[in-house]
Amino acid sequence: MNASRIFVYGAGGHGKVIADILLSNHDGRFVGFIDDHKDLQGRTVLDFPVFGDGEWLLDEARIACVAVALGVGENRARQQVAERCLAAGIELVTAIHPRAVISRAANLGAGTVVMAGAVVNPCARVGVGVIVNTGAVVDHDTVIGDFAHVSSNATMGGASQLGPLSQLGLGAVVLPGIRVGARSIVGAGGVVVRDLPNDVVAIGVPARIHRTVESQVAARR
């Protein structure tokens, strides 16, 4: 990485966790936060300043080489931030907590974050801008699409799949070899025993389709 300064984009709760990862790794290039909410700009979070919004960051990127760790929890918003940054030549930081366990044979995409206590096992393929949250398990040969989220204490069995922009809820489980489609949500504690299609919300044990994700379906029409 050529950047001399790293910003966390997002100064809310998720952004604090990402900043803590950088601090736990003693990365002295972390200098503060970027946030598009005006009420946060000019404040301090974890004793670091919130410098400005995305436009402020783009101005900085025109005069210096900077990088961003994605501190936005919502999947689509995180994707939009990442795309804006990449278009401006801003590098995405892959942030891994020192107490996460990552196989040398796993592949993590740019901008992915892996929290404390998480495990990513051999030959797992984790896309761009993914969140592998606290204590999550991503087993061998798993495939996780871009900007998906494996929530805290969730488990993906061997060779399972989580589609782009999907979320596996707190403590949820995808059994080995099972696929969750794109933009879908598995509720907290759900256990996915059969493939799920795109754009659905599934809950329960076993997880059953509760509804479609109408706002996402409409957005693509």
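Described in the following lines is the structure provided in the data block.

What counts, and where the lines are drawn
- Residues numbered from 1 in each chain as written.
- Predicted model: local features only at pLDDT ≥ 70, side-chain atom pairs only at ≥ 80, totals over all residues.
- Heavy atoms only, no water.
- Phe/Tyr/Trp six-rings, centres within 6.5 Å; stacked < 30°, edge-to-face > 60°.
- Helix = DSSP H or I, 4+ residues; strand = E, 2+ residues; numbered from the N terminus.
- Buried < 20%, exposed > 50% of the residue type's maximum accessible area, 1.4 Å probe, protein only.
- Contact = heavy atoms within 4.5 Å.

### Quick word on the packing of aromatic side chains
Between two aromatic rings, the relevant description is the distance of the centres plus the angle of the planes.
Turning to step 1, where the next piece is worked out: Using the criterion set out here, one finds five aromatic pairs in the structure.
Turning to step 2, where the next piece is worked out: Centre to centre, the rings of Phe30 and Phe33 are 5.6 Å apart; their planes meet at 90°, and the pair counts as edge-to-face.
Turning to step 3, where the next piece is worked out: Arranged with centres 4.6 Å apart and planes meeting at 40°, the rings of Phe30 and Phe48 form a pair that is tilted. Note that Phe30 is positioned in strand β2 (residues 30-34) and Phe48 in strand β4 (residues 48-52), a separation of 18 residues in sequence.
Turning to step 4, where the next piece is worked out: Taking relative accessible area as the criterion, Phe30 reaches 5% and is therefore assigned buried.
Turning to step 5, where the next piece is worked out: Clustering of aromatic rings is evident, with ring pairs tying together Phe7, Phe51 and Trp56.

### Some words on the environment of Val213
Turning to step 1, where the next piece is worked out: Position of Val213 relative to the elements: it lies in the loop between β25 (208-212) and α4 (214-219).
Turning to step 2, where the next piece is worked out: The exposure class of Val213 is buried, given its relative accessible area of 6%.
Turning to step 3, where the next piece is worked out: Sequence separation between Val213 and Phe51 is 162 residues, and the spatial gap between their C-alpha atoms is 35 Å.
Turning to step 4, where the next piece is worked out: If near-sequence neighbours (up to four positions away) are discounted, Val213 is found in contact with Arg183, Asp199, Val200 and Val201.

Nothing here speaks to function; it is all geometry.
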